[in-house]
Amino acid sequence: MRALTRPRTHRTTRTTRSARTAVAALLCAAVAVGAAACGPSADEAKAKPAGPFGELTGSQVVDKAFAATKTAKSLTVDVDVRSPVEPMKAYLSLDTGGKCAGTLTMGAANTAELIKVDDKNVYLRFDEAFLREQVEEEGPEAQDAMVKELKGRWLKSSASEADSDGMLALCDLDELLDGFEQGATDIEKGAETTVDGQPALALTEPGDAGETSTVYVATEGTPYILKIVTKGGEEPGTIAFSHYGKPVDAKAPAAKDVVAAD
């Protein structure tokens, strides 16, 4: 019975694609206003505030940070999208070489662990709530069978398969960083602060749909983006970046814990 060896992931694929859209919305919200413009406005050019980044305007600081972040070869992303329709959390370490590892939580509690060791194979381990949801329409017996077969075990499948691709929506580092669009205006410098102990500068921009986005940029070392917080609007949430340049620990599980997908 196919349902016992592999969760039906049509809902998973839809949800993770929605999650990818939500994350893109968080990134775009930070640069939405005036994104078609190139460079600071006349008023910004006159302002030369002191502090981190010297005389750079807020928009110039964000452009500088986006450019730096796009050079990252590896990082860890911590996403919390508080959409009333499909909330989503993710904690993933990924690199440009195709490795990706971490957890995804879709909805209120459905959690999947993910290990992608290369561009060929991906391993997924689902919690009980996730497994039961995949066959919820088939009744308790099918749900129990699904849990018995797969709980605590890793499902191995090809990274190129459509269902797996849905789960890997946030594992493409280049695609993720493409969401950083430069050239926004009206971004204001805020207070100096820290993000997980790292000195940072907060930069804020009001959106055109009632949301406000605050971008936190590292003020020591490479000016990476450390966090983006969006409040209000349709997709409020937080996306944080850390462990820049650190190796991604993505190793295949022990063979005894793996179930091959049909």
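To start, this report covers the structure provided alongside it.

Rules and cut-offs
- Residues numbered from 1 in each chain as written.
- Predicted model: local features only at pLDDT ≥ 70, side-chain atom pairs only at ≥ 80, totals over all residues.
- Heavy atoms only, no water.
- Salt bridge = Lys/Arg side-chain N within 4 Å of Asp/Glu carboxyl O.
- Helix = DSSP H or I, 4+ residues; strand = E, 2+ residues; numbered from the N terminus.
- Buried < 20%, exposed > 50% of the residue type's maximum accessible area, 1.4 Å probe, protein only.
- Polar contact = N/O pair within 3.5 Å; in protein donor to acceptor, adjacent residues only side chain to side chain.
- Contact = heavy atoms within 4.5 Å.
- Pairing = 2+ DSSP bridges.
- Axes fitted to C-alpha atoms, helices over the stretch in contact; angles between N-to-C directions.

Within the structure shown, the criterion is met by 7 salt bridges. We note a salt bridge from Lys151 to Glu128, for which the minimum N-O separation is 3.0 Å. Placement of the pair is Lys151 in the loop between helix H6 (140-150) and strand S6 (154-158) and Glu128 in helix H5 (residues 128-134), with a sequence separation of 23 residues. When salt bridges with common partners are traced through the structure, they connect Glu128, Arg132, Asp144 and Lys151 into a single cluster.

Here we take up the side chain of Lys116. On the secondary structure map, Lys116 appears in strand S4 (residues 110-116). Judged by its relative accessible area of 7%, Lys116 falls in the buried class. At 3.3 Å, the side chain of Lys116 and the backbone oxygen of Asp118 are in polar contact. Not counting residues within four places of it along the chain, the set of residues in contact with Lys116 comprises Gly98, Lys99, Cys100, Asn121, Val122, Ala159, Leu168 and Ala250.

Attention shifts here to the sheet that holds strand S10 (residues 225-231). Here we have 12 strands laid out as an open sheet, ordered S7-S8-S9-S10-S11-S1-S2-S3-S4-S5-S6-S12, and mixed in their pairing. Strand pairing shows two members of the sheet lacking a second neighbour, strand S7 (188-195) and strand S12 (258-260), which therefore form its edges. Strand-to-strand twist of the sheet, defined as the mean angle between neighbouring strand axes without regard to direction, takes the value 20°. Of the pairings in the sheet, the one linking S10 to strand S11 (residues 237-242) comprises 4 bridges and is antiparallel in character. Its bridge partner lying in S11, Lys227 is registered against Ala240.

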